[in-house]
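Each chain, letter by letter, is given below.
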Amino acid sequence: MTVTILPTGISPADVLAVARGSAKVVLDPATVDAMTTSRSIVDGIEAAGRPVYGVSTGFGALANTFVAPERRAELQHALIRSHAAGVGAPMPREVVRAMMLLRVRSLALGRSGVRPLLAEALVDLLNHDVTPWVPEHGSLGASGDLAPLAHCALVLLGEGWVLGPAGERLPADDALRRAGLSPVGLAAKEGLALINGTDGMLGMLLLAIHDAAHLFTMADVTAALAIEAMLGSERPFLPELHAIRPHPGQSASAANIHRLLQDSRVMDSHRDDLAHAVQDAYSMRCAPQVAGAARDTLDFVRTVAGRELVSVVDNPVVLPDGRVESTGNFHGAPLGFAADFLAIAAAEVGAIAERRVDRLLDVTRSRDLPAFLSPDAGVNSGLMIAQYTAAGIVAENRRLAAPASVDSLPTSGMQEDHVSMGWAAAKKLRTVLDNLTSLLAVELLAGVRGLQLRAPLDPSPAGRAAVAALGGIAGDPGPDVFLAPLMEAARAVVAGPDLRAAIEREIGTLD
């Protein structure tokens, strides 16, 4: 696959293809023209000797410090070196690649006043799989992701570090030489244009949107398995009950769960049983209300990210009429708010899943399933401690759901006196979603065990697919086994596409 950078921007699918795949990147000729035109304006300002922020002045609190023409290239190089001040473990390759592609996208919009050479150099890093070592700490989401982007830009200069094939830290100059690439020199404005943007937090948010969309559908799958195993009712998921409260996400989730529960001998076994519970517990009956609200939150976040994908977030910006204006468009508040909102929603999807797991394991509430889903409870503990693990993860997600975007620490001599913390918000969102994967894996394992214990009754097509996907690894219920590998296998099933694809072959596409 090839991703072509146009002066109108790129799509979320383009970001995923480059960040997680091996898609090549090319600049459209119109993009080169837009950057060339923009650069000519900056060259004209330099020739006229006008004071313009970031072109002929210092940065941040040093914005009123004039820089002589002969030192302006030095200024740009010094900016990159001084701002590459992050610490901590390296960010994952996919995040760094997304960030670099999005910086190319921003430069390609033709409002940054840089030479096409700069965008081409970033494209070369992507196409030669040279990934800068970007430490996890350093960005406040203030003038965008300054420190992370500076670590990327430093590699263009032949300095700094890159991420080795085994995750080790390697010198950038060696990596460029092996790739057949040469360092670039920066001209006026170009160092600032490389680091002033929201590309890191936007990249993480776009990756998170893709992952959350999949996990929220899988949450419907695992909820349906648990409800089926606990002899729950399908009636709360009837479409007419959700039409009278028309939240779109709720209706979609309810429709998924209702379809997942059809054609089940397990459900048939108690549908007309007068002794059956009149109402299921909230964690069963209200699954669409919680998962649906998360879906609607995701739609909002997707809208915010889509707007940012077509935004100019540099500072200063070069306008077509020749003006160079200072802006605050780099401030990460829109993305920080969105990431925090999605983290809250994802944390609740995981929390309600853990409550269903707890019910499945409790002999007083699971409707005749054995304690902890062990056929020989007492000597064996079954999935008891898997629920402990889930409870611990829920507790961590609740801590991570506390919003980062309400925090702010002033920096740069009070010039940057309100910051967004958008990088932190997006980074912890990724952790919440990873934790959600684990929580749904525990529910998948418990749901499969519960359905196996309902034999000889045949489960739904979704249930049969889940038993087939996990049963070959977990085996039938019996004496206790080493659980951690089973939980890792369940995580892979939840995160991957195969179980969903197997279910959709039987019942049609899930929303």
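Residues numbered from 1 in each chain as written. Predicted model: local features only at pLDDT ≥ 70, side-chain atom pairs only at ≥ 80, totals over all residues. Heavy atoms only, no water.

Draft legend 1. Geometry of unusual backbone geometry. Omega for the peptide link from asparagine 315 to proline 316 comes to -5°, which places this bond in the cis form. Within the element layout of this structure, proline 316 appears in the loop between helix 14 (287-309) and strand 7 (317-318). With omega at 15°, the peptide bond leading from alanine 455 into proline 456 counts as cis. Inspection of the secondary structure assignment puts proline 456 in the loop between helix 17 (422-453) and helix 18 (461-474). You will see that phenylalanine 372, though not glycine, has its phi angle at about 55°, which is positive. Of note, phenylalanine 372 is situated in the loop between helix 15 (333-361) and helix 16 (384-400). Residue phenylalanine 372 is classed as partly exposed on the basis of its relative accessible area of 29%. (Helix = DSSP H or I, 4+ residues; strand = E, 2+ residues; numbered from the N terminus. Buried < 20%, exposed > 50% of the residue type's maximum accessible area, 1.4 Å probe, protein only.)

Draft legend 2. The packing of helix 11 (residues 248-260) against helix 14, seen in detail. Interaxial distance between helix 11 and helix 14 falls to 7 Å at its minimum, and their mutual angle equals 130°. Taken together, the axis directions place helix 11 and helix 14 in an arrangement best described as oblique. Crossing angle aside, the handedness with which helix 11 passes helix 14 is right-handed. On helix 14, the residues that touch Pro248, Gly249, Gln250, Ala252, Ser253, Ala254, Asn256 and Ile257 of helix 11 are Ala287, Pro288, Gln289, Ala291, Gly292, Arg295 and Asp296. When the residues that make up the contact of helix 11 with helix 14 are grouped by side-chain class, the tally is seven nonpolar, six polar and two charged. (Axes fitted to C-alpha atoms, helices over the stretch in contact; angles between N-to-C directions. Parallel < 35°, antiparallel > 145°, perpendicular 65-115°, else oblique. Left-handed = near helix turned anticlockwise from the far one by under 90°. Contact = heavy atoms within 4.5 Å. Nonpolar A, V, L, I, M, F, W, Y, C, P; charged D, E, K, R; others polar.)

Draft legend 3. Layout of the pairing of strand 1 (residues 2-5). On strand 1, burial follows the alternation: Val3 and Ile5 on one face are buried, whereas Thr2 and Thr4 on the facing-out side are not. Chirality of the crossover, the property in question, places the unit of strand 1, helix 1 (residues 12-20) and strand 2 (residues 24-27) among those that are right-handed. (Right-handed = clockwise from strand over helix to strand, strands pointing away.)

Draft legend 4. Expanded view of the packing of helix 4 (residues 93-108) against helix 6 (residues 146-156). It is the contact of helix 4 with helix 6, at a shortest axis distance of 11 Å, that shows an interaxial angle of 85°. As judged from the angle between their axes, helix 4 and helix 6 are roughly perpendicular. Taken together, the residues of helix 6 that come into contact with helix 4 (itself represented by Val96, Met99, Met100 and Arg103) are Pro148, Leu149 and Cys152. Partitioning the contact of helix 4 with helix 6 into residue classes produces six nonpolar, no polar and one charged.

Draft legend 5. Looking closely at the pattern of salt bridges. Per the counting criterion, the structure on display carries 30 salt bridges. With its nearest N and O atoms 2.6 Å apart, the salt bridge here joins aspartate 358 to arginine 365. Classification of aspartate 358 by relative accessible area gives buried; the value is 16%. When its relative accessible area of 25% is taken as the criterion, arginine 365 is described as partly exposed. Close ionic contact of arginine 500 with glutamate 504 constitutes a salt bridge, the shortest N to O distance being 3.1 Å. Residue arginine 500 and its partner glutamate 504 are both found in helix 20 (residues 498-507); the two are separated by four residues, about one turn of the helix. (Salt bridge = Lys/Arg side-chain N within 4 Å of Asp/Glu carboxyl O.)

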